[in-house]
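# Observations on the model geometry
Residues per chain, in single letters:
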Amino acid sequence: MSNDKMISAIGLSITDWRQQLAGELDDLNLGLKIDFNGFSTDWAINHKLHRLKILTKDFLIAKRQFSFLWLGKNLHEIDYTVGDLQKLMRSGRRYKEKEIHEYLKKHERLLLGEYKNNPVYEGHLYYPKSRRYIEADFLNFPFQHYFENPEVFEVKRYEKNFYNSRKNMPYAHYKRYIGQIDKYFKYLNDPINAEEIQKKLKEKGQNFDYTLLFSKSDYWEEFRNEIKKDLEVLDFNLNIITYDALIERFERLYERTKRFGVC
């Protein structure tokens, strides 16, 4: 079977499944935008007299474990989600990081991508016997069915550059951002903090990935070689994603889902 035929067959199967689901929701006077996570398995048992084929106990259990992207509203909102962020970047206004945090909290799929779910916002992880703590902007955790690491996701402003082009020297704020994430790395990998990490996050610290959302792709391209050298000397792998690249990642997710004819 060719790729196009396979894609078409998968798309038809998912469309048929969605139509059955829509029919069952209609029979129960529910809407397509219902939050399935709010349902209990008892709900499915109590409604079994309706002879439901989709909204079963097994479906509700699976919905908690798997990401059914074609059920959520997030992908349907891509036009104004991306459009709003692009307007924000073009406005010339210097938005504060907290405002960007609120935007990402509102549009979680933009923040989380395909593999992450349930972000923890500005969670405090304390040092032993101390009031001192670290506070990453977001801690993003993977869906259970993806073999992905949890992620430390730090957000910085999009209009700032990496290097001073006249002096060809890194800006102090850029070095400070990397130092901040290095602090998170050292905390999460220090055995003395293992109990706090396990208690708060149910995770082992050495399993985390590190992402910095910062700047624009034009600036990245201008200083690509210098930035790569900066990252090579770190004790951990740091993924720097620009705002342009974040939008592109979201659009690719949407296009991949749309390709099956389910959006």
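Since the structure is predicted, the reported quantities are computational estimates derived from the model, not experimental observations. (Residues numbered from 1 in each chain as written. Predicted model: local features only at pLDDT ≥ 70, side-chain atom pairs only at ≥ 80, totals over all residues. Heavy atoms only, no water.)

### Notes on the sheet that holds strand β5 (residues 151-155)
Backbone-to-backbone hydrogen bonds pair the strands of a sheet. The strands run either parallel or antiparallel. Under the convention used in this document: DSSP bridges decide pairing: two strands pair if at least two such bridges lie between them. Put simply, DSSP marks the helices as runs of H or I at least four residues long and the strands as runs of E at least two long, and each gets a number from the N terminus on. Axis lines are fitted through C-alpha atoms, for helices just across the contact stretch, and the angle between N-to-C directions can take any value from 0 to 180 degrees. Contacts: residue pairs with any heavy atoms within 4.5 Å of one another.
Strand order in this open sheet of five strands is β1-β4-β5-β8-β9, and the pairing throughout is mixed. With partners counted over all chains shown, the strands left at the sheet margins are β1 (116-121) and β9 (238-241), one partner each. Within this sheet the neighbouring strands show an average axis-to-axis angle of 25 degrees, counted without direction. With five bridges connecting them, β5 and strand β8 (residues 209-213) associate as parallel partners. Paired with Glu-154 across the bridge in β8 is Leu-212. Contacts between helix α5 (residues 97-106) and the sheet are confined to β1, β4 (138-142), β5 and β8, with β5 contributing the most and set at about 130 degrees to the helix.

### Section: the pairing of β5
So the rule is basically this: A simple rule labels every residue: compare its accessible area, found with a 1.4 Å probe on the protein chains alone, to the largest value its type can have, and call it buried under 20%, exposed over 50%, or partly exposed in between.
Of all the five residues making up β5, five are buried; the element is thus mostly covered by neighbouring parts of the structure. Both faces of β5 are covered, namely the face carrying Glu-151, Phe-153 and Val-155 and the face carrying Val-152 and Glu-154. Summarising the sheet, β4 and β5 pair through three bridges and their orientation is antiparallel. When the sheet's bridge partners are listed, Asn-140 is paired in β5 with Glu-151.

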